Amino acid sequence: MAAAFTALRVLLGLFFLLAGTAKLSARLSAELHRHMQSEFVRFAEVFPLKELGFAPEPGRLLEAVGWVEVVAGLLLAFGPQLLQEISNFILSVVMIGAIYTLLVLREPLAMCAPATLCLGLLLLLNIRGYADPPKHKFE
């Protein structure tokens, strides 16, 4: 079972690496990158911290999310366990933000499915996917 969770962790990390790269660069797909840029204009309008006075520029928000996904995806896939757990948490927060944004924009529920699936898999990894800490002799 540990091999299945390791494979899931690596594949999910590589998925986030790819998704983040698509946000940062048009080299993978110029059309997808342009679509992301236009979507993040809408996403910035409903950014949750906007009520507190923090309203990011859409291009900067796109870059920030892209870099977070690239770095956290790499760490989730190939980092040491502590960094895997931290990146899992960070990516979970990003997915919660994505779901929130899509719901506030009243997008069809089908648009929330990829973020919801990713969040579910991240939570599964968080609950079951890491090795138990070593037990002491006296336990």
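Our structure's up above, just so we're on the same page.
Everything in this summary refers to the structure shown in the same document. (Residues numbered from 1 in each chain as written. Predicted model: local features only at pLDDT ≥ 70, side-chain atom pairs only at ≥ 80, totals over all residues. Heavy atoms only, no water.)

Let's talk about the nonpolar core
This is how it is decided: Residues enter a nonpolar core if they are buried and are Ala, Val, Leu, Ile, Met, Phe, Trp, Tyr or Cys, with the set joined through side-chain atoms within 4.5 Å. A 1.4 Å probe rolled over the protein chains alone gives each residue an accessible area, and that area as a share of the maximum for its type sets the label: buried under 20%, exposed over 50%, partly exposed in between. Secondary structure follows DSSP: runs of H or I at least 4 residues long count as helices, runs of E at least 2 residues long count as strands, and numbering of each begins at the N terminus. We call two residues in contact whenever any of their non-hydrogen atoms come within 4.5 Å of each other.
Ranked by internal contacts, the top residues of the largest apolar core, which has 25 residues, are L12, F16, F40, L61, L91, M95 and L122. Sorting the residues of this core by element identifies α1 (2–24), α2 (30–45), α3 (58–78), α4 (81–104) and α5 (109–128) as the ones contributing at least two each. Among the elements that make up this core, the one with the highest residue count is α5 (six residues). Sequence-distant contacts of F16, that is, excluding residues within four places in its chain, are made with E69, V70, G73, L91, M95, C118 and L122.

Points about the environment of R106
Tracing the backbone shows R106 in the loop between α4 and α5. Classification of R106 as exposed rests on a relative accessible area of 76%. Considered as a pair, R106 and L62 are 44 residues apart in the sequence and their alpha carbons are 20 Å apart.

Things to note about a nonpolar patch on the surface
This is how it is decided: Like-charged residues are merged into a patch within 9 Å and nonpolar side chains (Val, Leu, Ile, Met, Phe, Trp, Tyr) within 5 Å, provided each residue has over 30% relative accessible area and no salt bridge. For accessible areas, the Shrake-Rupley method is used with a probe of radius 1.4 Å. Any residue's cover is judged against the shown protein chains and nothing else. In the sections that follow, a salt bridge refers to a side-chain nitrogen of Lys or Arg positioned within 4 Å of a carboxyl oxygen of Asp or Glu.
Together, V68, L82, L83, I86, F89, I90 and V93 make up a nonpolar patch on the protein surface, roughly 600 Å² of accessible area in all. If you tally residues by element for the nonpolar patch, the top one is α4, at six residues. Checked against the element boundaries, F89 lands in helix α4.

A look at the pattern of salt bridges
One pass over the structure, following the stated rule, counts four salt bridges. Among the ionic pairs, K23 bridges to E69, the shortest N-O distance being 3.0 Å. On the criterion of sequence distance, the pair formed by K23 in helix α1 and E69 in helix α3 is long-range, its members being 46 residues apart. Under the relative-accessibility criterion, K23 is labelled buried at 9%. Judged by its relative accessible area of 3%, E69 is buried.

Description of the packing of α3 against α4
Just so we agree on the cut-off: For helices, the axis comes from a line fit to the C-alpha atoms of the stretch in contact; other axes are also lines fit to C-alpha atoms, and the angle between any two N-to-C directions lies between 0 and 180 degrees. Rotating anticlockwise by less than a right angle from the far helix to the near helix defines a left-handed crossing, while the corresponding clockwise rotation defines a right-handed one. Amino acids outside the nonpolar list (Ala, Val, Leu, Ile, Met, Phe, Trp, Tyr, Cys, Pro) and the charged list (Asp, Glu, Lys, Arg) are all regarded as polar, and Gly is one of them.
Running from N to C, α3 and α4 point in directions that differ by 145°, and their axes come no closer than 8 Å. As α3 runs across α4, the sense of the crossing is left-handed. Along its contact with α3, which presents V65, V68, E69, A72, G73, L75 and L76, the element α4 presents L83, Q84, S87, N88, I90, L91, V94 and M95. Here the contact of α3 with α4 is composed, by residue class, of ten nonpolar, four polar and one charged.

Digging into the packing of aromatic side chains
Our working definition: Centre distance within 6.5 Å is the pairing criterion for rings of Phe, Tyr and Trp, where only the six-membered ring of Trp is used; planes under 30 degrees apart are then read as stacked, over 60 as edge-to-face, and the remainder as tilted.
Under the defined criterion, the tally for this structure stands at three aromatic pairs. Between the aromatic rings of F15 and F16, the centroid separation amounts to 5.6 Å while the plane-to-plane angle is 70°, which identifies the pairing as edge-to-face.

Examining the environment of Q84
Locating Q84 in the fold gives a position in helix α4. Remark: the alpha-carbon pair of Q84 and F43, spanning 41 residues in sequence, is separated by 27 Å.

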